[in-house]
Amino acid sequence: MLTGKRIGLGITASHCTYEDVIPKIQNFMDVGATVIPIITHSVLHAATRFGTGEEWIAKIEALTGEKVISSIKEAEPFGPSNPLDAMVIAPMTGNSISKFANAATDSPVLMAAKATLRNGSPVVLGISTNDALGLNGINIMKLLNAKNIYFIPFGQDSPHSKPNSLIADFDQMVDTVHAAITQKKQLQPLLIQYFK
């Protein structure tokens, strides 16, 4: 399905979703892709009840067989000199959504995404934010209308206790990337009922 494709996987600091997202790296490898992991500074340095940055990096590198990209300098060559076939950011926090929608490039993940767009290749976003239907809604709408940006289908994960929260269905990550690369189309339906 994605044989020979180089997929950048950007990971931002939605620590509670790592247990769901990180194992899905294997799904890309099962369909023939190479996964290049890229992380934000907060992933590298944060220690939470979900684990330390060092622990997650060890798991990611063991799964991908690739060294984690953790600096802007390392991410910049994903422009014309070392292009990716697609860039996925999953999970993507509200903070990174806001920055990406407003052209701020202050992390390795956003630098790699900017470089991928520069090449005309797809960037796929897997959102995870408590503010998606709040102030960050305008940024999500901007990105939904941007060229070569696609979203993993998403829904409200806890509509009664967190009514502004949206999260992607990471089970659809590979299918979303495949549709973006091969058809330049958004996987549908985009808005889903999400309860896990």
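Residues numbered from 1 in each chain as written. Predicted model: local features only at pLDDT ≥ 70, side-chain atom pairs only at ≥ 80, totals over all residues. Heavy atoms only, no water.

Undergrad: Can you lay out the overall build of the protein chain for me, pointing to particular residues and giving the numbers?
TA: Assigned secondary structure in the protein chain consists of 9 helices and 9 strands. A compact globule built from 196 residues should have a C-alpha radius of gyration of about 16 Å, and the protein chain, at 15 Å, falls within 12% of that. Referenced to the eigenvectors of the C-alpha coordinate spread, the extents of the protein chain come out at roughly 45 × 40 × 30 Å. Pairs at least 24 residues apart make up 79% of the contacts formed inside the protein chain by residues separated by at least 6 positions. (Helix = DSSP H or I, 4+ residues; strand = E, 2+ residues; numbered from the N terminus. Rg over C-alpha atoms; globule rule 2.2 N^0.38 Å. Contact = heavy atoms within 4.5 Å.)

Undergrad: How would you sum up the pairing of strand 6 (residues 123–129)? Please name residues and give values.
TA: Look at any regular strand and the pattern is simple: side chains alternate between the two faces of the sheet. Most of strand 6 is tucked away: 7 of the 7 residues are buried. Residues Val123, Leu125, Ile127 and Thr129 of strand 6 are buried on one face, and the alternating residues Val124, Gly126 and Ser128, pointing to the opposite face, are buried as well. The sheet contact formed by strand 5 (residues 86–92) and strand 6 spans 4 bridges and is parallel. Bridged to methionine 92 within strand 6 is isoleucine 127. (Buried < 20%, exposed > 50% of the residue type's maximum accessible area, 1.4 Å probe, protein only. Pairing = 2+ DSSP bridges.)

Undergrad: Describe the pattern of salt bridges, with residues and values.
TA: Scanning the model with the defined rule gives 5 salt bridges in all. A salt bridge links aspartate 20 to lysine 24; the nearest nitrogen and oxygen atoms lie 2.7 Å apart. For aspartate 106, the salt bridge is made with lysine 99, and the minimal N-O distance between the two is 2.8 Å. The partly exposed category is assigned to aspartate 106, whose relative accessible area is 37%. Overall, the relative accessible area of 24% leaves lysine 99 in the partly exposed class. Within this structure, Asp20, Lys24 and Asp171 form a network of salt bridges that share partners. (Salt bridge = Lys/Arg side-chain N within 4 Å of Asp/Glu carboxyl O.)

Undergrad: So what about the nonpolar core? Which residues, and what values?
TA: Nonpolar side chains in soluble globular proteins tend to be buried together. Core analysis: the largest hydrophobic core is formed by 32 residues, its most contacted members being Ile7, Ile11, Phe28, Val88, Met173 and Val177. Looking at which element gives the most residues to this core, the answer is helix 9 (residues 173–183), with 5 residues. Apart from residues no more than four positions distant in its own chain, phenylalanine 28 is found in contact with Leu2, Ile7, Ala33, Val35, Val88, Met173, Val174 and Val177. Val123, Leu125, Ala132 and Leu166 belong to the second largest nonpolar core, which has 29 residues in total. (Core = buried A, V, L, I, M, F, W, Y, C linked by side-chain atoms within 4.5 Å.)

Undergrad: Can you tell me about the environment of asparagine 139, naming the residues and giving the values?
TA: Within the secondary structure, asparagine 139 sits in helix 8 (residues 137–144). Residue classification places asparagine 139 among the buried positions, given a relative accessible area of 9%. When the C-alpha positions of asparagine 139 and lysine 99 are compared, they lie 8.7 Å apart, and in sequence the two are 40 residues distant. Other than its neighbours up to four places away in sequence, asparagine 139 contacts Ile97, Ser98, Ala101 and Asn102. Here the side chain of asparagine 139 touches asparagine 136 through a polar contact of 2.8 Å, side chain to side chain. (Polar contact = N/O pair within 3.5 Å; in protein donor to acceptor, adjacent residues only side chain to side chain.)

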